[in-house]
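Fold and contact review
If you want the building blocks of each chain, they are given just below.
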Amino acid sequence: MTEPVRQRLTKKWVLGLLGALLTMVVWAVAAGGDTGSVSNDTAMLPGKVATLLGLRCLSCHNPQKKAGGIDLTTRAAAVKSNAIVPKSAAASRAARITALGKMPPDGKLPDAEIALLNRWIAAGAVYAHEPLQVIIPKVKPLWSFQPLRAHTPPRSRYDTLVRNPIDSFIFARLQQRGLRPSPPASPLALLRRVTIDLTGLPPTPDEITHFLNDKSPTAYEKVVDRVLASPAYGERWGRHWLDVVRYGESHGYEQNHLRPNAWPYRDYVIRAFNQDKPFDHFITEQLAGDVVGKGDPDIEVATGFLVAGIHDTVGIQEEVGTRQQRSNDLDDMVSTTGAAFLGLTINCAKCHDHKFDPIPTRDYYRLCAVFAGVRHGERTLSPHVLPPEKQALVTQIQSAIHAQEDQERTLLAAAQTKRTGNEGKHRSPVDARRNVEDFTPISARFVRFTILATNDGTEPCLDELQIYAPNSEVNLAEAKRGGKATASSLLPGYAIHQISHLNDGLLGNPHSWISNEPGSGWAQIELPQSTRISRVVWERDRDGLCTDRLATAYRVEVSTDGRNWMEVGNGNDRQLLQNSLTPQLLVNSMTPEQRAQYQKLHFSLDKLRHQEMELTNLTTAYCGQFTTPDPTFVLKGGDVMRREEPVTAGALSQLTALPSDLTGLKTASLPERVTTRQVPQETNPGNHLTQSDDGSTNSRLALAKWICDPRNPLTARVIVNRIWEHHFGRGIVDTPSDFGNIGSHPSHPELLDYLASDFIAHGWKLKRLHRMFVTSYVYRQASVISSEGTAKDSDNRLLWQMPLRRMEAEAIRDSILQASGKLNRVMGGPGYRLFQYDVVNVAIYEPLEAQGPETWRRGVYQIPARGIDDDLLRNFDCPDSSERTPRRTNTTTALQALSMLNSRFVSEQSEFFALRIQPQSTPKISAQVDRAFLLAFGRLPREKESRDALHLVQTYGLGTLCRALLNANEFLYY
């Protein structure tokens, strides 16, 4: 035998031996034994099977549970139930059901384990010891459960560049990898970066000029302070938070109806960021704002967090269906709380102990018990009491609103007549939001509104029936003023549709009346005594969200005795509804003078409505309803019909730094009102749960204390990482809502702990954290690529340069509106729709063909109906609000370029952009080009750009140049 052949055989033999040994090791591990050699000796089988049964079976098949009538803890019990038939695997129930994959419930056993069980039974099913015990598998310890550790900022050769401790940690890692920081960014690039980062809008030409002319050493720091103080900061960072907590303004599921009063939670979030509310207060108010903010509607609405997710509104008669709906709601609350505040996938423990993280199933259901008293729905909030001078101002504003609405309708009606030739119908079509019937003043005690037809033939609906005396804005019909409502009939089965809602003073579809007569019916108000009246106002839905069941033919009658009636108004002089056109099309058909008047009225009304909203009481909001908590049980396999042991409210048992029963928690970090005024005193000082007004235990406040306790290592790490991600393009932990074993580990763990500890030590203040991030040298680096950096750290994980980023979808739209001069900066209040909405049992959404001035507000105020997208926003990765989005995807597709080039919105705004430039510049085209570049890019054009732009304008017009600038990467990226 030659030496080469001998070597090949030797190698083959060695490899074969290694393969055999590896196979035995894998089999031994799978069978639950040790990693020693595998023997056919039956003496080893009992120990291996004891481990297998302890891990896989005994949690259900024990003397207490006896699932399927089987107890496997002793041989006698197993044989008695035929689970084990010694020496006959075929006759053994346990062997049969495991072979079929019916058990265990979380999936079929591996073939090696099934074979082991069969061999043990065939050998006589001898038990190693009795009784067998449940074995809890060891889960890999979590780095994120470890306490925060103090780290001293390290030194490096780049210490002369250090602006704050962030740089020290980043530079030390760069030095370890043989990398170096990039040079500083140019002043304009840095200004654009920090302004867009903190406000979502690029700097204006005036802001650019001021910064470039400021030669002081603190010029940049002054910019940072200015943008952090801007109201736009809250709008920008509030949008980030709304992504995290799955905020939407429709229910989702099959019906997907809109939630007209969900927006107060959105406004709370924006307000909290602008006020720099400490983050621990922010958490506490979202979990228990009804307790800590009782009596303050601005705080109470924070509990909109709990019910911001999807909710099934379809009525189900079967118990299993109603239980499942409730389970889904609780799962949404638990999983969102865990992901948003703790960065954990707690919901993975719903059906079984978490496979990867130390979260037992029991902990999941203890957290469900925390929210067992929370239900979806609107809540009437404690009203503010207005002083007389403010109430007088509200009345004055409301009068102005009504007058200007009449002027607006008159202009639209004239345009409608012009477009349709609908002569003789001098009044505009009926409007679901508000209709006014004026008549000669007359004395009456009874007012009846009779519907003769509806737009869809269904039972008519009225939101509110209002009655006014001459020259008065006081609604005489309201129940609180003695008005009594009656009606011809009532559609049964709907709590939100009642006769009493005709004059309860609450507006919107959830507070309305529906007749039980298709296409007809009457509603009546009886006043306390005969009064001189001259106007009736009626609505289908003042919020404008529902347009079905709208009266199109009607009459208004009055009476002094309720028997003899006189008609004072009708809809005969209204234009037909089906001939009405969209407001934008009507505006386009107006004369220039009419259009200017309409635009002026529109913006004036917008301002007046927001003034009214700020002054008047916030009465209702979709922020949850609180009832006595239901009993909570562990559900076997997550099955709502398989209840096991009951549980009480608690938190994570494996986070040992804190008591999972929520006792002995610190309160010093909570808002002052929590400990001094709003929270009722506990009757038992040793009891950790605070009693709410209805006597039910308020475990949500206890959970908030547990989450915000400085000993909790997760909370500060998670929020610091979220803020870091939005400034540097990716988090120190790549998975911002998963700090578990299957999530990413931190790239700079010492830096993360330093920042989290510093964040807690300085009062959980977010603006201070932002300032620290954006004033670091790391943030101020240029976005440049180096061959050295690409070779050693191709994905820039160590931040050797500042990554170039594209604006998010809403920021792109907002920046386009800013460039065109059409951005409406009115803050707060009900949002705008980029869709048409109708309801025929289920909600029907259609894209909005023309986006008028009412939609030219910031993107955060766009109503996010679930499953409904605007083409431009969707193409730029705006997520659907049905799911939590801790980190948006960032794609580059051909559809983005096509939508920017062909979008009707971009095309219209480009023309507005061009109109904005013309009156502000000299007639010279070159000056207009300069102005366009300055507004779009913050700089003047270069020589070649100027020549090309002049040629483009001369050939295709100024609007085309503006459109091209809005499509440029320099506009979209920063």
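As the structure is a computational prediction, the values presented were derived from the model and not from experiment. (Residues numbered from 1 in each chain as written. Predicted model: local features only at pLDDT ≥ 70, side-chain atom pairs only at ≥ 80, totals over all residues. Heavy atoms only, no water.)

Quick look at the nonpolar core now. One finds W241, F371, W706, W724 and L755 to be the most contacted residues of the largest nonpolar core, which totals 160 residues. When residues in this core are grouped by element, the largest group, eight residues, is from helix α21 (residues 713–728). Ranked by size, the runner-up nonpolar core spans 27 residues in total, among them V430, F439, A477 and V536. (Core = buried A, V, L, I, M, F, W, Y, C linked by side-chain atoms within 4.5 Å. Buried < 20%, exposed > 50% of the residue type's maximum accessible area, 1.4 Å probe, protein only. Helix = DSSP H or I, 4+ residues; strand = E, 2+ residues; numbered from the N terminus.)

Attention now moves to the packing of aromatic side chains. Counted under the stated rule, the structure contains 30 aromatic pairs. Judged by centre distance (6.3 Å) and plane angle (75°), the ring pair of Y233 and F273 falls under edge-to-face. Residue Y233 is located in helix α10 (residues 231–244), and its partner F273 is located in helix α11 (residues 263–274); the two are separated by 40 residues in the primary sequence. When its relative accessible area of 7% is taken as the criterion, F273 is described as buried. Taken together, the aromatic side chains of Y233, W241, Y247, Y265, Y268, F273, F279, F282, F305, F341, F759 and W764 make up a single cluster linked through ring pairs. Residue placement shows R193 over the ring face of Y779; its charged tip is 5.7 Å from the ring centre. Over the ring of F905 we find R813, and its NZ or CZ is 4.7 Å from the ring centre. (Phe/Tyr/Trp six-rings, centres within 6.5 Å; stacked < 30°, edge-to-face > 60°. Lys NZ or Arg CZ within 6 Å of the ring centre and 35° of its normal.)

Quick look at unusual backbone geometry now. Leave glycine aside and you will find that most residues have negative phi; peptide bonds, for their part, are mostly trans. At the junction of E130 and P131, the peptide bond is cis and its omega measures out at -10° in the coordinates. Structurally, P131 can be placed in the loop between α5 (111–122) and α6 (165–176). Positive phi values are uncommon outside glycine, yet N796 reaches one of about 55°. By the secondary structure assignment, N796 is in the loop between α25 (787–792) and α26 (809–820). Even without glycine at this site, D877 takes up a positive phi of about 70°. Within the secondary structure layout, D877 lies in the loop between α27 (871–875) and α28 (894–902).

Next up on the list: the pattern of salt bridges. Oppositely charged side chains are able to pair whenever their charged atoms sit close together. All told, the structure shown has 57 salt bridges when counted by the stated rule. Here E405 and R434 are joined by a salt bridge, their closest N and O atoms 3.2 Å apart. Placement of the pair is E405 in helix α16 (residues 388–420) and R434 in the loop between α16 and β3 (435–454), with a sequence separation of 29 residues. Here the two residues E405 and R434 agree in accessibility, since each one is buried. Where D795 meets R730, a salt bridge forms, and the shortest distance between an N and an O atom there is 3.5 Å. Highlighted residues: D795 in the loop between α25 and α26 and R730 in the loop between α21 and α22 (749–761), separated in sequence by 65 residues. For D795, a relative accessible area of 44% corresponds to the partly exposed category. Through salt bridges that share partners, R730, D734, D795, R797 and R887 make up one connected network. (Salt bridge = Lys/Arg side-chain N within 4 Å of Asp/Glu carboxyl O.)

A few words now on the confidence of the model for the protein. Within the protein, residue pLDDT values average 86, and 88% of them lie at 70 or more. In the model, residues 1–40 has pLDDT below 50 throughout and makes 28 contacts with residues more than four positions away in sequence or in other chains. Low pLDDT (under 50) marks residues 668–697, which in the prediction has 58 contacts with non-local residues, meaning those over four places away or in another chain. (pLDDT = per-residue confidence, 0-100. Contact = heavy atoms within 4.5 Å.)

Next up on the list: the pairing of strand β17 (residues 835–840). For a regular strand, side-chain orientation follows a simple rule: the groups alternate between the two sheet faces. Residue alternation in β17 divides its side chains into a buried set, F835, Y837 and V839, and an unburied set, Q836, D838 and V840. Two strands pair when backbone bridges link them, and β17 and strand β18 (residues 842–847) are joined in this way by six bridges, in the antiparallel orientation. Following the sheet pairing, D838 is matched in β18 by I844. Taking the residues between adjacent antiparallel strands as the criterion, β17 and β18 are bridged by one residue, where N841 takes a positive phi near 70°. (Pairing = 2+ DSSP bridges.)

Attention shifts here to helix α12 (residues 279–292). Over its 14 residues, α12 runs only 15 Å from end to end, short of the ideal 20 Å by more than 12%, given 1.5 Å per residue. Residue Q286 marks the point of greatest curvature in α12, where the axis turns by about 75°. Of all the 14 residues making up α12, 14 are buried; the element is thus mostly covered by neighbouring parts of the structure. (Expected span 1.5 Å × (residues − 1). Bend = angle between axes of the 7 residues up to and from the residue.)

Each packed pair of helices is defined by two parameters, the angle between the axes and the distance between the axes. The interhelical angle for the contact between helix α14 (residues 319–342) and helix α20 (residues 699–708), taken along N-to-C directions, is 30°, at an axis separation of 11 Å. Between α14 and α20, the crossing angle belongs to the class labelled roughly parallel. Viewed along their axes, α14 and α20 form a crossing whose handedness is right-handed. On α20, the residues touching T337, F341 and L342 of α14 are L703, W706 and I707. (Axes fitted to C-alpha atoms, helices over the stretch in contact; angles between N-to-C directions. Parallel < 35°, antiparallel > 145°, perpendicular 65-115°, else oblique. Left-handed = near helix turned anticlockwise from the far one by under 90°.)

Relative to the helices and strands, D296 resides in the loop between α12 and α13 (297–300). Under the relative-accessibility criterion, D296 is labelled partly exposed at 26%. Distance from D296 to L381, taken between C-alpha atoms, is 8.1 Å for residues 85 residues apart in sequence.

The contact between α22 and helix α23 (residues 766–774) brings their axes to 10 Å, and the two run at 140°. The handedness of the crossing between α22 and α23 comes out as right-handed. Contact with α22, carried on its side by Y754, L755, D758 and F759, involves L766, R768, L769, M772 and F773 of α23 and no other residues of that element. Of the residues belonging to the contact of α22 with α23, the class tally is seven nonpolar, no polar and two charged. (Nonpolar A, V, L, I, M, F, W, Y, C, P; charged D, E, K, R; others polar.)

Along the chain, the position of D541 falls in the loop between β8 (521–539) and β9 (551–559). Although D541 lies buried, it forms no salt bridge, and the closest oppositely charged side chain, R540, sits 5.2 Å away as judged by the N-O distance. At 3.2 Å, the side chain of D541 and the backbone nitrogen of N509 are in polar contact. Engagement of the side chain of D541 in a polar contact is seen with the backbone nitrogen of C546, the distance being 2.9 Å. Beyond its immediate sequence surroundings of up to four residues, D541 is in contact with A432, R433, D463, G508, N509 and C546. (Lys, Arg positive; Asp, Glu negative; His and termini not counted. Polar contact = N/O pair within 3.5 Å; in protein donor to acceptor, adjacent residues only side chain to side chain.)

Once that is clear, we can look at the side chain of T715. Along the polypeptide, T715 turns up in helix α21. What makes T715 buried here is its relative accessible area of 0%. In this structure the side chain of T715 is engaged in a polar contact, spanning 2.6 Å, whose partner is the backbone oxygen of I707. Setting aside residues up to four positions removed in sequence, T715 forms contacts with F279, I283, F341, L342, I707 and W764.

Between its first and last C-alpha atoms α14 spans 33 Å; for 24 residues at 1.5 Å apiece the expected length is 34 Å, and the two agree. Among the 24 residues of α14, 18 are classified as buried, and the element is accordingly described as predominantly covered. Count one or two residues on from α14 and you reach G343, which has phi positive near 65°.

Within the secondary structure layout, S820 lies in helix α26. Classification of S820 as buried rests on a relative accessible area of 3%. Distance in space between the C-alpha atoms of S820 and L915 is 8.2 Å, their sequence separation being 95 residues. Dropping the residues within four chain positions of it, S820 is found in contact with Q909, F912, F913 and R916. A distance of 2.6 Å separates polar atoms of two side chains, one belonging to S820 and the other to Q909.

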